[in-house]
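Reading the structure
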Amino acid sequence: MVCLGERGVCLEKEVFPVKFAVVEKVLDLARANSIWPMTFGLACCAIEMMSTAMSRFDLDRFGAGVFRATPRQADLMIVSGTVTKKMAPVLVTLYEQMPSPKWVLAMGNCAISGGPFVFEGQYNVIEGVDLLVPVDVYVPGCPPRPEALLEGFLKLEEKITGKRRFPGPESRW
Amino acid sequence: MEQIGNMIGWETVKMVVGLVGVLVFVVLNALILTWAERKVAGHMQRRIGPKEVGPYGLIQPIADALKLLGKEILTPREVDKPLYYLAPMIIFVPVLVSFVVIPFDASLQVMDINVGILVILAFSSLSVFSILMAGWGSNNKYALIGAIRSIAQNIAYEIPLLLALLPIIMMTNSFSLKSIVEAQHGLWFVVYQPFAFLIYFIAGVAETNRTPFDLPEAESELVAGYHTEYSGMRFALFFLAEYTNIFIVSAIAVTFFLGGYQGPFLPGIIWFLLKSYLLVFVIMWLRWTYPRVRFDQLLNISWKALIPLSFINLLITGGLLKL
Amino acid sequence: MVERIKAELGATLKETPVGEADYRERGYHLFAEVASADLLNVARFFDERGFYLAALICVDYKEYLELVYIFSNHASLCKVKITLKIDPAKPVAPTISTVFDCAYWHEREIREFFGVSFDGHPNMTYLFLHEGIDFYPLRKEKIPVSDEDKKALGAFRPGEGEDTFFVNLGPQHPSTHGVLRVVLKMDGEYIEDAQPVLGYLHRMHEKMAENRSYLQFLPNTGRMDYLGPMAFNLGYVTAVERLCGIPVPDRANYVRVILTELNRLSSHLMWLGAYLADLGALTPFLFVFDDREEINDILEPVTGSRLTYCYFRFGGLYNDVDDAFVAGTRAFIERLRSRFSLYEKLVGGNVIFTNRTRGIGVITKERARKQAVSGPVLRGAGIPMDIRKSEPCAAYGEMDFDVPVGTRGDALDMYQVRIREMENALNIIEQALARLPEGPIMTEKAPRKLKPPKGDLYHTVETPRGELGIYIVSDESDKPYRMKWRVPSFSNLMIFPELAKGNLLADAVAILGSLDLVIPEIDR
Ligand code: SF4
C-alpha cells in the first residue's frame, strides 16, 4: 500500500499498477504551484504578509494568493508575528485542523525566536514557533520585506519539488 | 452497434453519452471559471493574477484540482457522519439534471423534455438540502448559521426567480426550453421583458450565493460559511457546484431572454457559450465591486421589492396577452 | 477652569490638600491624594462636571502601591491626577466602575498585573493573562498568585443558555484583524451579549520598559501600533524630551509633523480597506494598499523601514529629509487627492455601503465620555476633541486645520470623519512642506545618557486611533521606574459590548470595524 502525502489518499498497489513515483512527482508539482495560505495574521508581520498579497507584489502570480479563512482548506500556515503563551494552544489547534500535506512558514524574528521580546524575566512569549509546530521555512526580518516572503514561498516550492522556480541570486561570498 | 443500440434503446445511449459529456463540461467549466475569476479579480485589483503556472497561468486550476485531490481526507471527530459525507455529493444532483435539459445548440441537447424549466426549478431547490446537511452535519456554529442563512435566502429568491420566468412561459405557451429559444427567432425576449430579465438576474445572483448576496459563506462574518469544515476533495465538490451553478443561472438567462443559441454567422453553440460567459463575467464583476448586504436587507429586497414587482410584471403581461 | 475645579475639589475633599502642578513639566494641572473612603465621591465629583477617566494606572513603590486616576476634559484643558495609596500586603481598593464604565476594564487589568482587588467590581477575572502565569507580572517583587486568587481570576466561563449559543469571534477570525477574541452570546443571528477576551498578543511592553534604558525602548513603540508607529514614536520621544527638558530644532519639529501625518494617512487608508473587506468588498483593500505602497516609497529612503518605523530621536531625528522626499510627497498629495474622488464614488456613494453603516453602532456623547473613547470615534460621536489642537506637540500648533465631527455618531459618521481627516492630513502636510525651515535636525544639547529628574509625567498625543497617554515615573536612573501606556484602541474597544447588544452578527462586524482597532496596541 502506498500513501500519497503523509496521511493522504491511500492506494493499493495491486489495484493501481501505476508508477507511484511519477504520480507523486506530478502531485508535488501541483502542490508546489497551489499553496493556499491561511488567513492568520498575528502581529506587525501580518501587514507585510498582506502587502505581499496585494497589487505590487501579487502573490497570486504563483498561485498562492488564495487566502482561506478556515484551516481545513489551507495548505500553509504563515506564522506572521509573535506567538504568546495564550495564543499557543490556539495555534497548535489550527495546525492540527489543517489537512496534510501541510507546511508552516515562520515569518519574522518573533516567530523564529521570540525576536525583540526576549529578555530576562519575560513571561508571555513563545521563543520560536518551532517549539510548537514543525517549521519548514524561516523568513527573518522585523518585519521581513514582501520580497523576502516571496523568496520564502520560492524556497518552500523548492522544498516540495526539489527544483527552484527562478534562478536564485548569485552568492557573492 | 445498431443491435446494441436497439437492445437498450437509443434514448438510453444518448442519455449516457450526454451525461458523460455533461460531466466533462462541468469539470472544464469549473476549471475555466476559477481561472477566469482569479484573472478578472486580479485585473480589477490592479494586479495580474496567476501568471507563472503555465502560459497566462492557464494550468493553475489544474494544479489546484490535483492538489485538492492529493489532500488528506479528513473527517472532523464531532461531525454527523452520514450528513457530512452525503452533502457534497448531493449538491451535484441538481446541477447535473439542469444540464440535461439546457439546449446548447439546436441539436445539442441531451433531452428535450416538454417541462424542461420545471425540472430545472424543481431540482435547483434541492441544493438547499445539501447546504443544510453540510451546515448541520459539520457541527460547527459558523457552518450552521451559514446554512440557515442560505435556506432563508434560497426560499426568498426562488419565488421572484420563478415569477420572472413565468411571463415568458405565458408568451410562448411552452415549458420546453427549446421551443422558448425557437420563439425568439425574431426579437429576444429581453426586449419585451426587460424587468423580468433584471429580476431574474438579481434573484439568480442571490441563488448562487455570490456577492452582494454571499451571506451563506460571508468570509468576514462566518469564516467560510457552510463549508467551513470541509477540506480537500469534498471542498472541491462544493467549489465545483458553485461555479456550475453560476453557469446554469447565466445559461437559463440566455435561454429565456437572450435568444439562446440563436445568432448570425457563428454556430449556435458558440453564440450560446459567448452569451452565457458574458453574463458570468457580469456576475464576477459584481462580486469584485460591491460590499455584502445585511441579512434583513437581503430578505427585504426579495419580499418587499422583487416579488411585488414581478407580480405586477406578470399581471401586465397577462393582461396584454389577453388583449 | 483649573482655578474653579481646584476650589470646588478642595471644598469636596475638606481636609486633603489639592496641589497645583507645573503643567509643562508634569502634564497635569492639579493633584490630590485621597483616602479610599473618599474615592467614590471624587469620582462622582468629576462625573458631574463632565470629566472622563483618561487613565487608571497602578505603580508599585515597594512600600506601597499607588493607584493613579487621571481625569480629563473634552471641553477645556484641565487634567487632574488623583492618587490613592494602598497596602501591598492586602491590596484592596473601592471600584469606581459604577461611575465611570471604562474603569471596569482598567480595574480588571490592574487586578491581574498587580493583584489589587477592587471592592464591588462585578467581574474580576483574567482579561489579558492566562492561567499559566503564577505571579503578578508588573509588581517589582515576585509575588506569587495564591490559589484562591487564581480560582477567582480563572472564573470566566461562557455557559450556554437555553435558547442561546456562543460564538467565538476570534482569536483567528478574518474580521478581527489580528488576534482579538470576542465571545458572543447569540440568540439566532442576534447578539445578546459580547465579552472581549484580550491578551493573545500581550508582548509585555510595559515590563520591558522597566528593563531597558529610555533609548533602548524606542523601537518597541513602533511595534505597539504597527499601523501608526510614527505617532507612537512621536508620543514617546516628546514625552521623554518633556521629562528631561531637551529642546528640539524647528526643522525636526516640522519633519515630525509631516511624517506623522503621512503615517496617519496610511493608517486611515488601511482602515478604509479593511473596513470594506469586513463588509464584503475586497477590491478596495487592494486599492488602498496601492496608495500605502506609495507612502512607503516616500518614507522608506528616509526612515529605513517599511512598517515599524523608529525614526524620531530624543532631541531630533535620525536622518534628514532631502529634496527627493519633498518632491515625492508633493506628487503623492496630488495623487491621493485624485484618488479621493474615486473612493467617494465607489464607497461613499454606494447604496449598499451606506445602508449597511447608517444608524449602526450609534455612540452618544454621554456614552462616549463614560467609556473614554477617543480619536475619530469620539469625533464621530460629535465631540470636537483633537489633541493636536488642545495640546499641540511638535509643530502642530502652527498648522491650520479643522476638526471634523459627526452628527449621528454611527458607523457612517466614523467613515466620513476619517475621510475628512485624511483630507486634513494632506492640508497639514502641504502647509508644513511650504514652511519647512532650514537648519539642524538634531539638538546639540541632547545628553548621551538620559537620566531624567525624579517625578512623573502624563503626556498625550493624538494617534490615528485617538488619545495616547504615556505615564512615566522616573527615579533618576537611566531606566523608567514605571511606564504605562494608555492606548486608544483599548478604550475604544470597551464600548463595543454595549454597541453590539441586540444587533445582528453582520452589524457587529461592521461596528467592530468602525472602531478601527489594532490588537497589539490593546494588548501591549
Ligand atoms: S518580527 Fe518584528 S515586525 Fe514581526 S511581529 Fe515580531 S516585532 Fe512585529
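Residues numbered from 1 in each chain as written. Chains lettered and ligands numbered in written order. Predicted model: local features only at pLDDT ≥ 70, side-chain atom pairs only at ≥ 80, totals over all residues. Heavy atoms only, no water.

**Quick notes on the site of the ligand**
- Neighbouring the ligand are 15 residues, the closest being Cys 44, Cys 45, Asn 109, Cys 110 and Cys 142 of chain A.
- More than one chain lines the surroundings of the ligand; the residues nearby belong to chains A and C.
- Looking at the shell around the ligand, the element that brings in the most residues is helix H4 (residues 108–113) of chain A, giving 3 residues. (Near = heavy atom within 4 Å. Helix = DSSP H or I, 4+ residues; strand = E, 2+ residues; numbered from the N terminus.)

**Examining the sheet that holds strand S1 (residues 18–20) of chain C**
Residue and element names in this part refer to chain C.
- Reading across from one edge, S1-S2-S5-S4-S3 is the order of the 5 strands in this open sheet, with mixed pairing throughout. For this open sheet the edge positions go to S1 and strand S3 (51–60), each flanked by a neighbour on one side alone. Going across the sheet, the axis of each strand differs from the next one's by a mean of 20°, ignoring polarity.
- As paired elements, S3 and strand S4 (residues 65–73) share 9 bridges and run antiparallel to each other. Note on S4: the bridge partner recorded for Ile 57 is Val 68.
- Sitting on the sheet, helix H1 (residues 2–13) touches S1, strand S2 (30–34), S3 and strand S5 (80–86), and the angle it makes with S1 is about 155°.
- Helix-sheet contacts for helix H3 (residues 36–48) involve S2, S3, S4 and S5, and the interaxial angle to S5 is about 160°. (Pairing = 2+ DSSP bridges. Axes fitted to C-alpha atoms, helices over the stretch in contact; angles between N-to-C directions. Contact = heavy atoms within 4.5 Å.)

**Thoughts on unusual backbone geometry**
- Note the cis peptide between Cys 142 of chain A and Pro 143 of chain A, where omega equals -5°.
- Within the secondary structure, Pro 143 of chain A is located in the loop between strand S5 (137–139) and helix H5 (146–161).
- Positive phi outside glycine occurs at Lys 62 of chain C, with the angle close to 65°.
- As for its position among the elements, Lys 62 of chain C is in the loop between S3 and S4.
- You will see that Met 204 of chain C, though not glycine, has its phi angle at about 60°, which is positive.
- For Met 204 of chain C, the location among the structural elements is in the loop between strand S10 (190–197) and helix H6 (205–211).

**Considering helix H2 (residues 10–44) of chain B**
- The terminal C-alpha atoms of H2 of chain B, which comprises 35 residues, lie 48 Å apart, in line with the 51 Å expected from a rise of 1.5 Å per residue.
- Phi turns positive, to about 60°, at Arg 46 of chain B, one or two residues after H2 of chain B. (Expected span 1.5 Å × (residues − 1).)

**Details of the sheet that holds strand S3 (residues 76–80) of chain A**
Residues and elements named next belong to chain A.
- Spatially, the 3 strands line up as an open sheet ordered S3-S4-S5, and their pairing is parallel. Both edges of this open sheet fall to S3 and S5, since each of them pairs with a single strand only. Adjacent strand axes in the sheet meet at a mean angle of 20° when their direction is disregarded.
- Against the sheet, helix H2 (residues 44–53) makes contact with S3 and strand S4 (103–107), and its axis sits at roughly 130° relative to S3, the strand it touches most.

**Quick notes on the state of the cysteines**
- Under the criterion given, the structure shown has 0 disulfides over all chains.
- We note that Cys 393 of chain C lacks a disulfide partner, and the nearest cysteine sulfur, in Cys 244 of chain C, lies 16 Å from it. (Disulfide = S-S within 2.5 Å.)

**Overview of the interface of chain A and chain C**
- Counting from both sides, the interface comprises 40 residues of chain A and, opposite them, 43 residues of chain C.
- When chain A packs against chain C, close to 3,500 Å² is buried across both sides, 66% of that on carbon and sulfur atoms.
- In this structure, the connection of chain A to chain C is made through 4 salt bridges.
- Taken together, the links from chain A to chain C amount to 11 residue pairs in polar contact (both at pLDDT 80 or more). (Buried area = accessible area lost by both parts, 1.4 Å probe. Salt bridge = Lys/Arg side-chain N within 4 Å of Asp/Glu carboxyl O. Polar contact = N/O pair within 3.5 Å; in protein donor to acceptor, adjacent residues only side chain to side chain.)

**Structural notes on the side chain of Ser 51 of chain A**
- By the element assignment, Ser 51 of chain A lies in helix H2.
- Here Ser 51 of chain A is in contact with Phe 57 and Pro 146 of chain A together with Phe 289, Glu 293 and Arg 306 of chain C, once residues within four sequence places are set aside.

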